[in-house]
Each structure stands twice: as structure tokens, then as C-alpha cells.
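Reading the structure
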Amino acid sequence: MEEKVKVFRTWSSPFPLRVIWALKLKEIEYDTVFEDLSDKSSMLQQYNPVYKKVPVLVHDGNPICESLVILEYVDETWIQYPLMPQDPLHRAKVRFWAKFGDDKVLQSIAFGVLVKEGKEQEEAISEAVDNLKQLEGELEGKKFFGGDKIGALDLALGWIAYYVGVFEEVIGLKLIHQQNLPLLTQWIHEFGNLGVIKESWPPFDKLVSKFA
């Protein structure tokens, strides 16, 4: 019997993209359910009664919530194209840097650089760049965070390859460029232009309007 997979998402959130990319890399067929978070469906609230947000993966009627949790579930359920490393130490490092990306990098940009002004924005930019430099160090000697091919950490940090450009357009400043973050700049080019990744990006101008 064929397994049924659904992904609840919004058009603009980067978090469901992690799930979409993982499923596409593993060539798993799925249905998409687009949600309006200002008018959440009863189904979304039923499947994710704790947070009531996206993404939610529903696999044969069983809901799994939180994008990083879903990533590991997908990787353990469908073993083709492994995303997580086999070594426990390396797996722990992936989890650490994925959490760092959400808790430090994204927070410092989306809730710092993007919303602050004047001196507070300058301080937020400095903090954001420092956080990005931490990630830069993880690319030393590698094409992707996963090594020679895309791994779970690339998917977890994948929003950087597109959404930072959106945020830069909104504030009129460059956070990532060849001079200050050469490895991350190259990664953005390599990762962001891969077909399975690139085809999933939301419309750039529409995102700029949303965050402006």
C-alpha cells in the first residue's frame, strides 16, 4: 500500500522548505496543504495542537511537527539519500549548528537587523555578522556543510541562501559578501542554484514586500 505524505506549510515561511527539500532529495511524493496562519484550518490545529504552526508532516495519518524534528524523521524513515551523518559525534554537531542557526543567526537578523534602526541596528548587524562567521568556519575545506553533497545541516541553514538576500534588499545593506564571508558566499551560490533547491524558492519581490 502506497504511503501518503502531506506537508502543511505557508507560501513564505522558510521552515517548511527544509521538509520540502528533504522529500525531494529522497524522491518522496507528497501533497502540499497551504495554510493562512491568520486563519488557521481546523486540520492544522488538530495535527499541531501545541504550537498550531507550520510545518507539519503527516505520514499515513500521523503528524510530526517542528522542521528539524521532521528532517530527522524523514531521514530515518526513507533511507535513500542519507542526510544525517552516521557518526554520533557528527550527528551531534549537525544538531548543534542547526539550533545555532535558528536561535542565534536567524534571531539576530530577523528580530535584530530587520526591525531595529540607527545605533541599535548597527549593533545588530555586528552581532549577525559574527554569528555568520561562526558558520563560515564550519565550511572550511568543504563544498557544503554536509561535505561533498548536501546534508541535513545544509537544509537547516538553507534559508540563508535566499532569505538573507531578501532582508538585505529590505534594509538596503549587504550582510554577506565575498570580502567578509567568502566561504559562505560560495556556499550560497552552490546550494541556492541547485535545481531541487532553486525551484522551491518563493517569489523574491513578494517576500520583500512582506518583510518591508
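My aim in this report is to walk through the structure given alongside it, one point at a time. Computed from a predicted structure; not experimentally measured. (Residues numbered from 1 in each chain as written. Predicted model: local features only at pLDDT ≥ 70, side-chain atom pairs only at ≥ 80, totals over all residues. Heavy atoms only, no water.)

Structural notes on the sheet that holds strand β4 (residues 62–65)
In sheet architecture, strand pairing relies on hydrogen bonds along the backbone and comes in two forms, parallel and antiparallel. Spatially, the four strands line up as an open sheet ordered β2-β1-β3-β4, and their pairing is mixed. Both edges of this open sheet fall to β2 (31–34) and β4, since each of them pairs with a single strand only. Ignoring strand direction, the axes of neighbouring strands in this sheet form an average angle of 20 degrees. As defined by bridge partners, strand β1 (residues 5–9) adjoins β2 across four bridges and the pair is classed as parallel. From the neighbouring strand, R9 faces β2, where its bridge partner is F34. (Pairing = 2+ DSSP bridges. Helix = DSSP H or I, 4+ residues; strand = E, 2+ residues; numbered from the N terminus. Axes fitted to C-alpha atoms, helices over the stretch in contact; angles between N-to-C directions.)

Comments concerning the pairing of β4
Pairing between strand β3 (residues 56–59) and β4: four bridges, direction antiparallel. Pairing of H59 across the sheet is with N62, part of β4. Linking two consecutive strands that pair antiparallel, namely β3 and β4, is a turn of two residues; a positive phi of about 50 degrees is found at D60 within it.

Digging into the environment of L37
In this structure, L37 sits in the loop between β2 and α2 (42–47). Residue contacts for L37: discarding those within four places in its chain leaves T10, L44 and V54. (Contact = heavy atoms within 4.5 Å.)

Notes on the side chain of E35
Positionally, E35 belongs in the loop between β2 and α2. Of note is the side chain of E35, whose polar atom sits 2.5 Å from the side chain of S41. If we skip the residues at most four places from it in the chain, E35 touches F8, R9, T10, K40, S41, L44 and V54. (Polar contact = N/O pair within 3.5 Å; in protein donor to acceptor, adjacent residues only side chain to side chain.)

Examining helix α8 (residues 182–192)
Taken as a whole, α8 has its buried residues at L184, W187, I188, F191 and G192. Projected onto a plane normal to the axis of α8, the buried residues spread over an arc of 105 degrees and lie on a single side. In this structure, the buried side of α8 is in contact with α1 (15–25), α5 (118–137), α6 (152–156), α7 (160–171) and α9 (195–198). (Buried < 20%, exposed > 50% of the residue type's maximum accessible area, 1.4 Å probe, protein only. Arc of directions from axis to C-beta.)

Details of the nonpolar core
By size, the foremost hydrophobic cluster in this structure holds 64 residues, and its most contacted members are L155, I160, W187 and F191. The element best represented in this core is helix α4 (residues 88–113), accounting for nine residues. Those residues in contact with W187, other than ones at most four positions away along the chain, are L139, K143, F144, F145, D154, L157, G158, I160, A161 and G192. One finds Y47, V54, V58 and C65 within the second-largest nonpolar core, a separate group that totals seven residues. (Core = buried A, V, L, I, M, F, W, Y, C linked by side-chain atoms within 4.5 Å.)

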